[in-house]
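This is what each chain is made of:
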Amino acid sequence: MKKRSDSVPAKQRIDQMLSKLKDHDFRITPQRLAVLKVLAASEGHPSVEQIYEQVKRRFPTTSLATIYKTVTLLKELNEVLELGFPEGSNRYDGHRPYPHPHLICTKCKKIIDPDLNSLEDLAKEVTKETGFQITTHRVDFFGLCRECQ
Ligand SMILES: [Zn+2]
Ligand SMILES: [Zn+2]
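What you are looking at is a predicted structure, and each value in this text was computed from that prediction instead of being measured.

**Digging into the packing of helix α3 (residues 48-58) against helix α4 (residues 64-76)**
Running from N to C, α3 and α4 cross one another at 120°; their axes reach a closest spacing of 9 Å. On the basis of the axis angle, α3 is oblique to α4. In terms of crossing hand, the pair formed by α3 and α4 is right-handed. Note on element contacts: α4 touches α3 through Leu64, Ile67, Tyr68 and Val71, opposite Val48, Glu49, Ile51, Tyr52 and Val55. Each residue belonging to the contact of α3 with α4 can be placed in one class, and the counts come to eight nonpolar, no polar and one charged.

**Some words on the pattern of salt bridges**
Considering all chains together, one arrives at eight salt bridges under this definition. For Arg13, the salt bridge is made with Glu79, and the minimal N-O distance between the two is 3.0 Å. On the criterion of sequence distance, the pair formed by Arg13 in helix α1 (residues 10-23) and Glu79 in the loop between α4 and β1 (81-83) is long-range, its members being 66 residues apart. Comparing Arg13 with Glu79, the two get one shared label, buried. The partner of Asp140 in a salt bridge is Arg138, with the nearest N and O atoms 2.9 Å apart. Take Asp140: its relative accessible area is 22%, and that puts it in the partly exposed class. It is possible to trace a salt-bridge network through shared partners that takes in Arg13, Lys20 and Glu79.

**Describing the coordination of the zinc ion (ligand 1)**
Looking at the metal site, the zinc ion (ligand 1) is ligated by Cys105 (SG), Cys108 (SG), Cys145 (SG) and Cys148 (SG), spaced 2.2 to 2.3 Å from it. Each of the four donor atoms around the zinc ion (ligand 1) contributes to a set of angles spanning 102 to 117°, which defines the coordination as tetrahedral. Motif for the zinc ion (ligand 1), donor spacing along one chain: C-x2-C-x36-C-x2-C. Of this pair, Cys108 sits in the loop between β3 (102-105) and β4 (111-112) while Cys148 sits in the segment after β5 (140-143), placing them 40 residues apart in sequence.

**Focus on the coordination of the zinc ion (ligand 2)**
Ideal coordination angles are 109.5 degrees for a metal with four donors arranged tetrahedrally and 90 or 180 degrees for a metal with six donors arranged octahedrally. Only His45 (NE2), Asp93 (OD), His100 (NE2), His102 (NE2) and Asp113 (OD) from the protein reach the zinc ion (ligand 2) as donors, at distances of 2.0 to 2.1 Å. Considered as a linear motif, the donors of the zinc ion (ligand 2) on their single chain read H-x47-D-x6-H-x1-H-x10-D. Here His100 lies in the loop between β2 (91-93) and β3 and His45 lies in the loop between α2 (30-41) and α3, a separation of 55 residues in the sequence. A residue is classified by how much of its surface remains accessible, and His45, at 1% relative accessible area, is buried.

**Side note on a nonpolar patch on the surface**
Taken together, Leu122, Val126, Phe132 and Ile134 make up a surface patch of nonpolar side chains, about 340 Å² in accessible area. Assignment of secondary structure puts Leu122 in helix α5 (residues 118-130). We classify Leu122 as partly exposed; its relative accessible area is 44%.

**Side note on the side chain of Arg91**
Tracing the backbone through its elements, the reader meets Arg91 in strand β2. The buried charged residue Arg91 lacks any salt bridge partner; its closest oppositely charged side chain belongs to Glu49, at an N-O distance of 8.2 Å. A polar atom in the side chain of Arg91 sits 2.4 Å from the backbone oxygen of His45. Residues contacting Arg91, with those up to four places away along its chain left out, are Gly44, His45, Pro46, Ser47, Gln50, Leu81, Glu82, Leu83, Phe85, Lys109, Lys110 and Ile111.

Rules used in this analysis
- Note that residues are indexed from 1 along each chain, following the sequence as it is written.
- Each chain takes a letter, starting from A, and each ligand takes a number, starting from 1, following the order in which they are written.
- With the structure being a predicted model, the display of local features is reserved for residues of pLDDT at least 70 and the display and counting of side-chain atom pairs for 80 or more, all residues being used for whole-chain, interface and lining totals.
- Side-chain calculation: all heavy atoms of the structure are included, whereas hydrogens and water are not.
- Throughout, an axis means a line fitted to C-alpha atoms (over the contacting stretch in the case of helices), and angles, computed between N-to-C directions, take values from 0 to 180 degrees.
- Only runs of H or I of at least four residues qualify as helices and only runs of E of at least two qualify as strands under DSSP, and these elements are numbered from the N terminus.
- Any angle between 65 and 115 degrees counts as roughly perpendicular, while under 35 counts as roughly parallel, over 145 as roughly antiparallel, and the rest as oblique.
- Here a crossing is called left-handed whenever its near helix is offset anticlockwise from the far helix by less than a right angle, and right-handed whenever the offset is clockwise.
- Here, two residues are considered to be in contact whenever any of their heavy atoms come within 4.5 Å of each other.
- The residue classification treats Ala, Val, Leu, Ile, Met, Phe, Trp, Tyr, Cys and Pro as nonpolar and Asp, Glu, Lys and Arg as charged. All others, Gly included, are polar.
- By salt bridge we mean one thing: a side-chain nitrogen of Lys or Arg within 4 Å of a carboxyl oxygen of Asp or Glu.
- Type-normalised accessible area, obtained with a 1.4 Å probe on protein chains alone, sets the label of each residue: buried when under 20%, exposed when over 50%, and partly exposed for intermediate values.
- Counted as donors are the N, O and S atoms within 2.8 Å of the metal, or 3.2 Å for Na, K and Ca, while water is not among the atoms, so some sites may look incomplete.
- Just to be clear on the cut-offs, tetrahedral is four donors with all angles between 85 and 135 degrees, square planar is four donors and octahedral six with opposite donors over 155 degrees apart and all others between 65 and 115, and anything else goes down as irregular.
- Here the term patch refers to residues with relative accessible area over 30% and no salt bridge, with like charges joined within 9 Å and nonpolar side chains (Val, Leu, Ile, Met, Phe, Trp, Tyr) within 5 Å.
- Under the convention used here, a 1.4 Å probe and the Shrake-Rupley method define accessible areas, while residue burial counts only the protein chains that appear.
- Residues scored as charged are limited to Lys and Arg (positive) and Asp and Glu (negative), so that His and the chain ends carry no count.
- Each polar contact in these results corresponds to two N or O atoms within 3.5 Å; when the atoms are within protein, one needs to be able to donate a hydrogen and the other to accept it, and residues that are neighboring in sequence are counted only if both atoms are side-chain atoms.

Here is the structure:
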């Protein structure tokens, strides 16, 4: 099976997000840029609160509302993937902004991207079997990470 090299460097993701924002005439403030950097670099799927904590270190006057607005904007532009949970905060992936499977540790709440591409084949198979037009999918594996076992 061909290995999908979908893990683009953070720098490249930041550039992609920036050009998308510019296309839509959004002003790039230093705070917004800081949010993009956290989202593009983080493999940990941060919550808005976690992004806020990081951005606040460099920009102490940043408000949580600013972070929310920027994340929502990027979500609307399909530049960030939102993972909602019935309990607990939504988590965000700006590194891979398209549907992909996640491994979720129920103890430390860590979320990681497993390196597998069989899910795309699965989506194709489901389409073939059911005639369903699949627009998106969400696959979460819950369990305990190595550190928490
Ligand atoms: Zn864990
Ligand atoms: Zn992810």
